[in-house]
Amino acid sequence: MTVTVLVADDHATIRAGLTMLLESSGQVRVVGEAADGVAALRQARALNPDVVLMDVRMPRVDGLAATAAVVAETNAKVLVLTTFAIDEYVLGALSAGASGFLLKSVGGDELVRAVLAVAEGDAVLDPKVTRAVIAALPKTTALAPPDLSALTDRERQVLAGLGAGLSNHQIGTRLLIGETTVKTHVSRVLTKLGVQSRVQAAIIATQAGLEPHRP
């Protein structure tokens, strides 16, 4: 299955480069481009892409506000791609409902894998970004670590897998359970933790020091 992507960045050269990288994989089709947040939302509504690759700093409406609008008004997943690993941008993107956050220094193959993972409902968070978020958490009430006592042992194992950046398939392989069962556990974990995304759950797992199960 080909994943459809909308590329939103205010630099035409960067949009062209990202489009070339994604489409050269043969697994991704770029269906549109946007130079600002207003255009990104308009295109997302019209084109209904699987994933919006969203820059943070754009004119008129920035990427964070555009992310919140896209998540609220469409079925598209948002993968934020930026030059900046500044904690306020990361926290803003997560709060807006982004499914992932990568730096623009990411390699082409890794970018394609991230887009495919997000399209499948997985979370993607650059390790450098994870550290920035954790460092920022004491300064903010956002994503305050909740009580994990409501989680079952299996749900803790699944949460640990999320914290390690594992996909549903990888978690299932490690725990010897089916991918559908993993999805059910992930849904319950998010509900019990009171968070909206796998990324937020991953950060909580990292905060709590949970280690993924070793097969």
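Residues numbered from 1 in each chain as written. Predicted model: local features only at pLDDT ≥ 70, side-chain atom pairs only at ≥ 80, totals over all residues. Heavy atoms only, no water.

## Regarding helix 5 (residues 108–119)
Between the first and last C-alpha of helix 5 there are 17 Å, a value that for 12 residues agrees with the 16 Å anticipated at 1.5 Å per step. Of the residues making up helix 5, those classed as buried are Leu111, Val112, Ala114, Val115, Leu116, Ala117 and Val118. After helix 5 finishes, the residue Gly121 shows a positive phi value of roughly 100°. (Helix = DSSP H or I, 4+ residues; strand = E, 2+ residues; numbered from the N terminus. Expected span 1.5 Å × (residues − 1). Buried < 20%, exposed > 50% of the residue type's maximum accessible area, 1.4 Å probe, protein only.)

## Considering the confidence of the model for the protein
Averaged over all residues, the pLDDT of the protein is 83; the fraction at 70 or higher stands at 86%. Averaged pLDDT values for the elements of the protein fall to 60 in helix 6 (residues 127–136) and rise to 95 in strand 1 (residues 3–8). Segment residues 138–143 is flagged for pLDDT under 50; beyond a separation of four residues in sequence, or across chains, it makes nine contacts in the model. (pLDDT = per-residue confidence, 0-100. Contact = heavy atoms within 4.5 Å.)

## Here's the deal with the sheet that holds strand 3 (residues 51–54)
Pairing within the open sheet is parallel, and its six strands lie in the order 2-1-3-4-5-6. Bordering the open sheet on either side are strand 2 (28–34) and strand 6 (124–125), each of which pairs with just one other strand. Pairing of strand 5 (residues 100–103) with strand 6 involves two bridges; the strand directions are parallel. From the neighbouring strand, Phe101 faces strand 6, where its bridge partner is Leu125. Its contacts with the sheet put helix 1 (residues 12–23) on strand 1, strand 2, strand 3 and strand 4 (77–82), and the angle it makes with strand 2 is roughly 165°. With respect to the sheet, helix 3 (residues 63–73) is in contact with strand 3 and strand 4, its orientation differing from that of strand 3 by roughly 170°. (Pairing = 2+ DSSP bridges. Axes fitted to C-alpha atoms, helices over the stretch in contact; angles between N-to-C directions.)

## Concerning the nonpolar core
The nonpolar side chains of a soluble globular protein tend to be buried, and buried together. Formed by 22 residues in total, the largest nonpolar core has its most connected members in Ala8, Val52, Met54, Val70, Val78, Val80 and Ala93. For this core, the elements supplying multiple residues, two or more each, are strand 1, helix 2 (37–47), strand 3, helix 3, strand 4 and strand 5. What Met54 contacts, discounting residues up to four positions off in sequence, is Ala8, Ala40, Gly63, Ala66, Thr67, Val70, Val78, Leu79, Val80 and Leu81. With 21 residues, the next largest nonpolar core counts Leu22, Val28, Leu79 and Ala117 among its residues. (Core = buried A, V, L, I, M, F, W, Y, C linked by side-chain atoms within 4.5 Å.)

## Quick notes on helix 10 (residues 198–208)
Residues separated by three or four positions in an α-helix point in the same direction, a consequence of the helix having 3.6 residues per turn. The element helix 10 is largely enclosed, with a buried count of eight among its 11 residues. Considered for burial, the residues of helix 10 that qualify are Arg198, Val199, Gln200, Ala201, Ala202, Ile203, Ile204 and Ala205. Looking one or two places after helix 10, you find Gly209, whose phi comes out positive at around 75°.

## A closer look at the packing of helix 9 (residues 179–193) against helix 10
One can describe the packing of helix 9 onto helix 10 by two numbers: an axis separation of 10 Å at closest approach and a directional angle of 75°. Relative to helix 10, the element helix 9 lies roughly perpendicular. Note on element contacts: helix 10 touches helix 9 through Arg198, Ala201 and Ile204, opposite Val186, Leu190 and Leu193. Partitioned by chemical class, the residues of the contact of helix 9 with helix 10 number five nonpolar, no polar and one charged. (Parallel < 35°, antiparallel > 145°, perpendicular 65-115°, else oblique. Nonpolar A, V, L, I, M, F, W, Y, C, P; charged D, E, K, R; others polar.)

## A word on the pattern of salt bridges
Side chains that carry opposite charge are capable of pairing whenever their charged atoms lie near each other. Scanning the model with the defined rule gives six salt bridges in all. Note that Arg60 is salt-bridged to Asp36, the shortest N-O span being 3.2 Å. With Arg60 in the loop between strand 3 and helix 3 and Asp36 in the loop between strand 2 and helix 2, this residue pair connects regions lying 24 residues apart in the sequence. The shortest N-O distance in the salt bridge between Arg45 and Glu73 comes to 2.5 Å. You can see Arg45 sitting in helix 2 and its partner Glu73 sitting in helix 3, a full 28 residues away along the chain. Connected through salt bridges with shared partners, the residues Asp9, Asp55 and Lys104 form a single ionic network. (Salt bridge = Lys/Arg side-chain N within 4 Å of Asp/Glu carboxyl O.)

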